[in-house]
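Okay, here's what each chain looks like letter by letter:
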There are 4 protein chains.
Amino acid sequence: MQLGLVGLGKMGFNMRERLRAGGHEVVGYDRDQQVADVPSLAGMVERLTPPRTVWVMVPHGEPTRSTLRELAELLAEGDLVVEGGNSPYSEDRENADFLAERGISYVDVGVSGGVWGARNGYGLMAGGETADVERVMPVFDTLRPEGDRDKGFVHAGPVGAGHYAKMVHNGIEYGLMQAYAEGFELLEASGVVTDVAGTIRAWSHGTVVRSWLLDLLVRAMEEDPELQRLEGYVTDSGEGRWTVEESIRNAVPTPAITAALYARFASRQEDSPAMKAVAALRNQFGGHAVKSSDE
Amino acid sequence: MQLGLVGLGKMGFNMRERLRAGGHEVVGYDRDQQVADVPSLAGMVERLTPPRTVWVMVPHGEPTRSTLRELAELLAEGDLVVEGGNSPYSEDRENADFLAERGISYVDVGVSGGVWGARNGYGLMAGGETADVERVMPVFDTLRPEGDRDKGFVHAGPVGAGHYAKMVHNGIEYGLMQAYAEGFELLEASGVVTDVAGTIRAWSHGTVVRSWLLDLLVRAMEEDPELQRLEGYVTDSGEGRWTVEESIRNAVPTPAITAALYARFASRQEDSPAMKAVAALRNQFGGHAVKSSDE
Amino acid sequence: MQLGLVGLGKMGFNMRERLRAGGHEVVGYDRDQQVADVPSLAGMVERLTPPRTVWVMVPHGEPTRSTLRELAELLAEGDLVVEGGNSPYSEDRENADFLAERGISYVDVGVSGGVWGARNGYGLMAGGETADVERVMPVFDTLRPEGDRDKGFVHAGPVGAGHYAKMVHNGIEYGLMQAYAEGFELLEASGVVTDVAGTIRAWSHGTVVRSWLLDLLVRAMEEDPELQRLEGYVTDSGEGRWTVEESIRNAVPTPAITAALYARFASRQEDSPAMKAVAALRNQFGGHAVKSSDE
Amino acid sequence: MQLGLVGLGKMGFNMRERLRAGGHEVVGYDRDQQVADVPSLAGMVERLTPPRTVWVMVPHGEPTRSTLRELAELLAEGDLVVEGGNSPYSEDRENADFLAERGISYVDVGVSGGVWGARNGYGLMAGGETADVERVMPVFDTLRPEGDRDKGFVHAGPVGAGHYAKMVHNGIEYGLMQAYAEGFELLEASGVVTDVAGTIRAWSHGTVVRSWLLDLLVRAMEEDPELQRLEGYVTDSGEGRWTVEESIRNAVPTPAITAALYARFASRQEDSPAMKAVAALRNQFGGHAVKSSDE
């Protein structure tokens with residue numbers, strides 16, 4: 001089918017490739033004219049035959065919001081917008097209502113798979129009206145991995161459910177990575193296992209902990225077996241925070257996911273103010289030595 | 001090759017099947033005569049041609065220790081014992097030294113894969129002298145998944161390293177399961193996603209969180225989509241505790257794995273004594289209502 | 001000085017007593033006419049001489065908001081409202097702006113001390129303009145504990161800072177209670193210490209862990225040494241959640257405070273959905289026994 | 001009464017002062033002849049009239065064990081040894097049995113209060129036979145804070161109970177300090193409260209979080225309001241680790257205390273190997289930028 005695609009970064013660019021290989025007609029727009037098929041959003045919309053479908057794949061927050069505002073002006077009744085970025089689910093209802101005023105439909109989709117999705121297909125979680133989701137199904141069927149539709153795609157619920165599912169997916173992802181990372185550190189620190197990289201590689205088949213993330217860890221360790229070339233500095237892009245905020249809103253204890261989030265926070269601190277306070281206290285009551293900050 | 005196998009429970013029984021299918025001659029002993037090939041340990045040893053290899057696959061602790069003591073009497077110089085149960089690595093050195101006094105070699109092996117190993121092959125982590133590990137290699141090659149040896153088997157280091165690797169593997173397993181479990185609970189609690197089972201099934205291809213454990217969760221939810229038939233009661237068999245103890249010994253922070261262990265502890269409590277204390281405190285300072293235990 | 005006081009519950013009632021004992025003229029209003037000095041908010045305002053000061057001490061959320069709306073109608077330019085409830089700091093700026101449109105000043109105050117404040121004095125944290133805070137100082141000086149003003153009162157910063165300080169105070173309170181509670185549970189569970197109540201009482205002087213909360217725990221255990229009469233069920237009234245949300249917003253790891261919050265969440269669950277998922281997984285891969293929910 | 005005191009470091013030195021001020025005859029021995037009253041352990045024992053009481057106050061581990069071995073040779077039937085250091089409770093039974101072979105009694109005592117105990121008195125937790133504990137009571141009564149005996153002293157149970165109580169006390173102490181430290185860091189990071197030191201000082205009276213540790217934090221911040229002169233580097237001396245190990249042994253969830261322990265571990269790491277693994281994974285699946293370690 002015909003699709004407008006806004007945002008041709010790491011994710012959008014690859015998706016365009018996969019969609020075209022699947023026989024779809026994709027008109028891609030990006031601020032970067034090197035990769036864009038059209039010079040402007042308006043140009044993209046002109047190239048599409050109504051009723052149009054436009055997939056938005058730009059960073060969440062202001063970039064997504066301004067794109068939707070622009071599209072609301074350019075699109076017409078009967079068109080449909082797919083929000084495929086990592087927007088917080090809490091914004092989907094508002095987005096949908098805003099577009100509905102102009103008769104434009106809205107589907108939110110969580111897309112997982114990273115840079116590998118181009119080859120393997122993307123895991124997709126959609127939220128919206130059934131008719132709207134069905135309308136985009138040819139595109140979903142090409143983007144998702146081959147095989148059964150329900151193992152790689154889900155219509156998770158009403159508007160917002162797609163991003164909600166993706167948010168929880170990413171929260172889980174934080175926890176999974178943290179678990180592997182803790183195991184890796186313990187293996188390295190204890191020294192009992194002398195072939196750490198080989199041990200992790202051996203886990204990739206037959207074991208209970210085998211997974212795609214483990215395969216990626218094996219891959220990373222092929223180039224750098226002790227991960228010495230990297231700094232233990234990890235940013236976070238929102239979904240982990242939202243997952244914990246949602247767990248608080250719903251009174252659900254999520255200690256492992258939260259531990260993963262906090263480990264990232266700590267990884268970015270030069271020094272821990274909290275630990276300064278503990279050092280100060282120990283010095284006060286026990287005369288324990290402290291390190292002064294200019295040592 | 002020829003192998004004595006002690007312990008024909010869920011793991012040992014399946015391993016015998018896989019080994020025989022792979023062309024090995026297995027003499028299996030178990031206290032349960034229904035499954036045993038020989039009536040006694042002594043009978044098993046008699047049936048083996050020196051230098052013998054005996055694989056011990058019984059519960060850790062006293063069952064393993066008493067089996068090793070008996071084998072020490074029955075075996076002879078040049079024989080080799082493989083300890084394949086989930087023993088704590090801290091006991092391997094002692095086991096090895098005890099058998100070495102009689103000229104018997106010792107290899108410890110961590111075996112992962114559960115009841116699925118019979119079909120898929122088992123992930124194997126071995127500890128011991130290189131010559132000893134090499135000697136058992138034909139057996140390892142049959143037990144492990146097909147394909148490259150190093151993706152399903154590792155000679156992790158000296159005696160103890162096999163069980164150490166398995167211990168950390170299980171610690172990671174705790175963390176992975178906890179991460180999925182927290183995500184599942186949040187999806188159920190929030191109600192935004194209306195097809196929770198379908199969402200988790202959709203994660204099984206293409207996504208970052210795809211894994212064998214996820215496949216098993218999908219499988220469990222096929223029969224019981226909201227897991228209503230189960231109680232949230234989870235035992236633990238040692239490796240998770242040992243992982244945390246080791247992390248403390250090595251001053252390695254393992255918050256996610258520890259959270260998983262503590263969640264299991266809490267799952268087995270009728271009521272939380274700690275929370276009684278918090279309730280008592282809130283009642284004292286704020287006059288907050290408490291629930292009396294006979295409500 | 002003269003003060004209108006709205007809300008005569010557990011906190012407000014005691015505060016009126018302490019203020020009157022300190023020589024202030026308090027006109028108290030509450031929906032409960034049994035405790036109110038006046039029949040209506042309007043009646044209260046009429047009884048005050050401009051420029052008036054009105055202290056609002058009602059539950060946060062809608063009760064506080066509707067009280068402020070009503071007061072905005074009744075008060076006049078030059079009057080001052082003190083918001084002394086446990087409102088989230090994020091609402092203070094809005095409250096202040098709303099009242100400022102009518103020329104009414106706004107001070108937010110965090111009040112700590114619980115039911116004991118009547119006797120011991122309340123710990124007070126104020127946010128607002130310096131002139132506004134100074135204007136209420138006679139009231140603060142009576143409410144706070146005797147002794148140095150700066151050990152029981154702080155002008156913490158601009159509007160919102162009082163409630164922010166109180167929020168963090170309560171977050172810390174969660175962590176402190178959790179630490180004592182965990183220690184109590186370990187003492188009870190291990191059985192090595194045979195006089196648990198006596199041990200905790202002995203900590204009340206000389207030790208590093210002595211505190212007012214410990215004194216309250218000692219008090220609770222005088223009546224019920226093993227806290228058997230209580231259920232381990234603990235509610236939460238918002239500040240703990242907000243503290244964790246703020247820690248996420250500021251990328252500050254707060255694992256102990258978060259653990260305390262999650263322990264409360266778990267205390268209110270009949271069964272843990274997350275642990276159902278872990279039980280299901282263990283059953284799938286290892287054939288581990290599960291408890292069915294109707295056992 | 002007459003008392004031999006071995007170990008005159010920060011704790012022992014102060015205790016000798018307090019005991020002498022209380023009218024006891026103390027013969028102190030230390031390897032440091034500057035502070036010792038006698039040139040040798042043997043000299044100390046000679047100066048004491050049987051039946052002797054000797055208080056050992058040296059670092060736990062080998063120093064304590066070798067002191068007990070030496071004392072076993074020098075003392076005689078009917079004498080009594082008090083182990084007042086921070087020994088793990090698991091060693092007390094062995095110590096007691098070893099001395100009992102020579103007819104020497106044994107009492108273990110946990111001593112809290114740090115360098116302030118000299119002035120305020122020490123919180124004391126004793127384990128042992130009732131008759132033995134009674135025998136040392138005059139010394140306990142002088143060391144503990146003035147006032148009721150049971151608010152500063154407890155006979156916690158049989159041999160080992162004193163150190164067990166002290167271990168849990170220190171575990172709680174870890175949790176309390178962590179809670180204050182997290183609150184401090186959040187106040188500093190958010191910037192909403194402009195007078196952080198003043199806010200913490202204001203908590204010292206009237207509030208729910210008031211405590212001796214808070215007083216010490218106020219004291220530390222008087223000299224260094226933002227704790228800028230300190231490094232966030234915190235060692236640990238064993239009791240925190242033992243508390244978590246015991247919680248695992250007893251299947252008691254202690255997430256706040258464990259969080260405090262792990263925060264100390266992390267405070268001593270130059271870089272986090274676990275976070276290297278997370279960074280590596282994110283780079284693999286998402287092409288997320290990483291910091292190379294030589295940046």
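Throughout, a residue's number is its position along its own chain's written sequence, starting from 1. Chain letters and ligand numbers both follow the written order, the letters beginning at A and the numbers at 1. Two thresholds apply to this predicted model, a pLDDT of at least 70 for residue-level local features and 80 or more for giving and counting side-chain atom pairs, whereas whole-chain, interface and lining totals are computed over all residues. Note that water and hydrogens are dropped before the side-chain values are worked out from all heavy atoms of the structure.

1. A short note on the interface of chain B and chain D
Pairs of residues are marked as contacts when any of their non-hydrogen atoms sit within 4.5 Å. Counting from both sides, the interface comprises 20 residues of chain B and, opposite them, 20 residues of chain D. When two parts are put together, the accessible area they lose, computed with a 1.4 Å probe and summed over both, is reported as buried area. Between chain B and chain D the total buried area reaches about 1,600 Å² when both faces are included, carbon and sulfur atoms providing 70% of it. For this document, the term salt bridge refers to a Lys or Arg side-chain nitrogen within 4 Å of an Asp or Glu carboxyl oxygen. Remark: the boundary between chain B and chain D carries 0 salt bridges. Whenever two N or O atoms come within 3.5 Å, that pair is a polar contact, provided that in protein one can donate a hydrogen and the other can accept it, and provided that, for residues adjacent in sequence, both atoms are side-chain atoms. The interface formed by chain B and chain D holds 6 residue pairs in polar contact (both at pLDDT 80 or more) in total. Taken together, the elements giving at least two residues each to the side of chain B that touches chain D come down to helix H11 (239-249) and helix H12 (255-267) of chain B. Gly is placed with the polar residues, together with every amino acid not listed as nonpolar (Ala, Val, Leu, Ile, Met, Phe, Trp, Tyr, Cys and Pro) or charged (Asp, Glu, Lys and Arg). Among the residues forming the side of chain B that touches chain D, the class breakdown is 12 nonpolar, 4 polar and 4 charged. Numbering of helices and strands runs from the N terminus; a helix is a DSSP stretch of H or I covering at least four residues, while a strand is a stretch of E covering at least two.

2. Quick look at the domain arrangement of chain A
Residues and elements named next belong to chain A. Where each domain starts and ends follows an automatic or database-derived domain assignment. With domains assigned, chain A is organised as domain 1 (2-158) and domain 2 (166-267). Look at where the C-alpha atoms of domain 1 and domain 2 centre, and you get two points 30 Å apart. In this assembly, 12 residues from domain 1 lie in contact with 11 residues from domain 2. Between domain 1 and domain 2 the total buried area reaches about 870 Å² when both faces are included, carbon and sulfur atoms providing 62% of it. By the criterion of area lost to domain 2, the three top residues of domain 1 are Asn-86, Tyr-89 and Trp-116, representing 50% of everything that side buries. Joining domain 1 to domain 2, the criterion identifies 0 salt bridges. At the surface where domain 1 touches domain 2, the tally comes to 6 residue pairs in polar contact (both at pLDDT 80 or more). For the side of domain 1 that touches domain 2, the leading source of residues is strand E5 (residues 105-112), giving 3 residues.

3. Topic: the packing of aromatic side chains
All names here are of chain C. Only rings of Phe, Tyr and Trp enter the pairing, Trp through its six-membered ring, and a pair is recorded when the two centres are within 6.5 Å. The plane angle decides the type: under 30 degrees is stacked, over 60 is edge-to-face, the rest tilted. By the definition in use, this model includes 20 aromatic pairs over all chains. Measuring from ring centre to ring centre gives 4.7 Å for Tyr-89 and Tyr-164, while their planes differ by 85°; the resulting arrangement is edge-to-face. Placement of Tyr-89 in the loop between strand E4 (80-83) and helix H4 (92-100) and of Tyr-164 in helix H8 (residues 161-190) is noted, with a sequence separation of 75 residues between them. Residue burial is assigned from relative accessible area. The probe radius is 1.4 Å, only protein chains are included, and a residue is buried under 20% of its type maximum, exposed over 50%, and partly exposed in between. Judged by relative accessible area, which is 22%, Tyr-89 ranks as partly exposed. When the centroid spacing of 6.2 Å and the interplanar angle of 85° are considered together, the rings of Trp-116 and Trp-212 count as edge-to-face.

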